[in-house]
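Descriptive analysis of the structure
One-letter residues, chain by chain:
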Amino acid sequence: MTIIANKIQNQAGGPVELAKQSAAKAWGNYNGGAAILRQSFNVSSAIDLNIGQVELSFINAMRDAEFCSNSTCKYSVNSFYGNNTKAECYGRAAGVVNVVTMSSSTGNNYDCEHLNVTVSGDLA
């Protein structure tokens, strides 16, 4: 059986509930150096808060702030420092997640060229 659709929503017009399965409810690929959201799903915007700090806002909010968020980063594709940076999610609310990218060794914040964030949990 093949199903082809442009949009799937529940009868009330909101997101569908995935029964007995799990999927990312939001994700984003962000270029911190240029402050550009390259690609995303369920992310309306990425706000550059400061050096190495970004806030991703969700189109459809999570049920609460108790969702799971994961992030990875690489300072630069052609840089030795790519393996010496880390990304951490913090400051979660139902509609946003904040991420900080920094040097693993010094703790200094950096705007990484490649920041990837994935959010799992229940939508509101």
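Everything below is about the structure shown above.
These notes cover the structure that comes with them.

Turning next to the overall build of the chain. Tallying secondary structure elements over the chain gives zero helices and eight strands in all. Taken from N to C terminus, the helices and strands of the chain fall in the order β-β-β-β-β-β-β-β. In terms of principal-axis extent, the alpha carbons of the chain reach across some 50 × 30 × 25 Å. Taking all 124 residues of the chain together, 29% fall into the buried category. Across the chain, the mean location of the 8 positive side-chain charges is 8 Å away from that of the 9 negative side-chain charges.

With that settled, the discussion passes to the sheet that holds strand 2 (residues 36-41). Taken in spatial order, the four strands line up as 2-1-8-5 in an open sheet, and their pairing is antiparallel. If you trace the sheet from one side to the other, it starts and ends with strand 2 and strand 5 (68-74), each paired once. If you compare each strand with its neighbour and ignore which way they point, the axes differ by 15 degrees on average. Bridging between strand 5 and strand 8 (residues 114-120) involves seven bridges; their strand directions are antiparallel. Within the sheet, the bridge partner assigned to asparagine 70 lies in strand 8 and is threonine 118.

Within the largest apolar cluster, 16 residues are counted, with the highest numbers of intra-cluster contacts made by Phe58, Val97, Leu115, Val117 and Val119. Elements that contribute at least two residues to this core include exactly strand 1 (26-31), strand 4 (53-58), strand 7 (96-103) and strand 8.

Throughout the structure, instances matching the rule amount to three salt bridges. Between aspartate 122 and arginine 63 there is a salt bridge, with the nearest N and O atoms lying 3.1 Å from each other. Here aspartate 122 is found in the segment after strand 8, whereas its partner arginine 63 is found in the loop between strand 4 and strand 5, with 59 residues between them in sequence. Accessibility expressed as a relative area gives 42% for aspartate 122, which makes it partly exposed. Residue classification places arginine 63 among the exposed residues on the basis of a relative accessible area of 54%. For the salt bridge of lysine 86 with glutamate 88, the shortest nitrogen-to-oxygen distance reads 3.3 Å.

Quick notes on the rules
- Residues numbered from 1 in each chain as written.
- Predicted model: local features only at pLDDT ≥ 70, side-chain atom pairs only at ≥ 80, totals over all residues.
- Heavy atoms only, no water.
- Helix = DSSP H or I, 4+ residues; strand = E, 2+ residues; numbered from the N terminus.
- Buried < 20%, exposed > 50% of the residue type's maximum accessible area, 1.4 Å probe, protein only.
- Lys, Arg positive; Asp, Glu negative; His and termini not counted.
- Charge placed at Lys NZ, Arg CZ, Asp CG, Glu CD.
- Pairing = 2+ DSSP bridges.
- Axes fitted to C-alpha atoms, helices over the stretch in contact; angles between N-to-C directions.
- Core = buried A, V, L, I, M, F, W, Y, C linked by side-chain atoms within 4.5 Å.
- Salt bridge = Lys/Arg side-chain N within 4 Å of Asp/Glu carboxyl O.

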